[in-house]
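# A closer look at the structure
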Amino acid sequence: MMKKYISILVIALVSMAISGELFARPKTRRAKGHVHALVKNKKKVRRVARPAALPAPKLVEPLLDEDGDIRNPYLMCEDTCDHVHGIDLSHYQGQVFWETVGENTKMAYVYLKATEGGDRIDSYFERNIDLAHRHGLKVGSYHFFRPKTNLELQMRNFMAQCLPGEQDLIPMLDVETTGNLPTEQFRDSLMKFLNLMEIAYRQKPLVYTFRNFYNKHLVGMLDNYPLMIAMYTDEEPELADGRDITMWQYTGKGRIVGVNGYVDKSRFMGRHGLREIRYRR
């Protein structure tokens with residue numbers, strides 16, 4: 001009898017082996033919310049769970065001001081919206097959407113790069129000054145000063161672009177380099193060029209420079225000139241000689257609707273205001 005049962009068991013096992021049921025792997029159960037991918041390495045193939053797809057993003061609630069009103073998206077003040085703000089632009093910002101910039105009630109003025117050295121003209125200057133005027137901004141032009149380049153050549157270059165009839169603001173001189181000249185020679189070159197600008201436009205230009213550059217090279221030289229000082233910190237700039245600062249460029253990485261990428265932003269200091277830099281015809 002026992003032999004009969006053994007024979008039956010052997011036959012059953014052989015049948016299961018033939019059908020594949022005896023040595024079949026159990027089916028892998030996928031974890032809920034996950035899918036599996038095969039990841040190969042040198043030794044073996046292993047199965048790794050990838051996280052499920054992220055849920056659909058929620059709608060962002062509109063930003064509200066202190067009164068509970070929807071915040072004006074044009075008021076993009078990295079410093080504070082309590083001051084009169086402006087920007088300066090050049091070809092580095094590419095095409096600007098002036099119709100949008102003009103709607104920003106805090107952007108009261110714009111300085112546009114016109115020229116550099118003796119022969120460079122900003123490729124976007126003509127377009128920018130035309131459209132900035134069309135969309136209601138007060139416009140001024142600036143020249144990037146090259147101390148070693150012939151001064152009269154630089155002046156002619158600037159005057160050919162910075163036309164008095166197109167200016168709402170006094171001209172600005174951008175001073176950022178000594179051109180590797182000795183300090184006294186650099187200062188002499190700068191003061192001569194400022195004098196040429198004053199003769200040409202019959203008013204003193206606005207001088208733009210960085211706080212550290214001023215403290216190193218310009219202390220005590222520019223007492224009669226309005227200053228725009230660049231310093232990208234939370235604290236207001238102070239100069240080594242205690243000079244009064246008319247305007248502060250507080251960021252080189254500002255944002256404004258209508259301009260792609262970063263933009264330089266400035267504002268008036270203390271009681272200073274737009275009337276002080278208006279072009280007098």
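Not measured: the values here are computed from a predicted model.

Turning to the confidence of the model for the chain, a few remarks are in order. The predicted model of the chain has a mean per-residue pLDDT of 79, with 70% of residues at 70 or higher. Under a pLDDT of 50 for its full length, residues 9–14 has, in the predicted model, zero contacts with residues more than four places off or in other chains. Long-range and interchain partners of residues 16–66, a stretch whose pLDDT sits below 50, account for 39 contacts in this model, where long-range means more than four residues apart.

It is worth spelling out the packing of aromatic side chains at this point. For the structure shown, the criterion picks out eight aromatic pairs. With 5.9 Å between their ring centres and 65° between their planes, Phe 158 and Tyr 201 make a pair best called edge-to-face. Taken together, the residues span a long stretch of sequence, with Phe 158 in helix α4 (residues 151–161) and Tyr 201 in helix α5 (residues 183–201) at a distance of 43 residues. The burial state of Phe 158 is the same as that of Tyr 201; both residues are buried. Where Phe 210 meets Tyr 232, the ring centres are 6.0 Å apart and the plane angle is 75°; that geometry is what we call edge-to-face. In this pair, Phe 210 is assigned in strand β8 (residues 206–210) and Tyr 232 in the loop between β9 (227–230) and β10 (247–254), connecting sequence segments 22 residues apart. According to the relative accessible area criterion, Phe 210 is partly exposed, its value standing at 28%. Every member of this aromatic cluster is reached through a ring pair, and the members are Phe 158, Tyr 201 and Tyr 279. Its guanidinium or amino end placed over the ring of Tyr 225, Lys 204 lies 4.5 Å from that ring's centre, counting from NZ or CZ.

Cut-off values and rules
Residues numbered from 1 in each chain as written. Predicted model: local features only at pLDDT ≥ 70, side-chain atom pairs only at ≥ 80, totals over all residues. Heavy atoms only, no water. pLDDT = per-residue confidence, 0-100. Contact = heavy atoms within 4.5 Å. Phe/Tyr/Trp six-rings, centres within 6.5 Å; stacked < 30°, edge-to-face > 60°. Helix = DSSP H or I, 4+ residues; strand = E, 2+ residues; numbered from the N terminus. Buried < 20%, exposed > 50% of the residue type's maximum accessible area, 1.4 Å probe, protein only. Lys NZ or Arg CZ within 6 Å of the ring centre and 35° of its normal.

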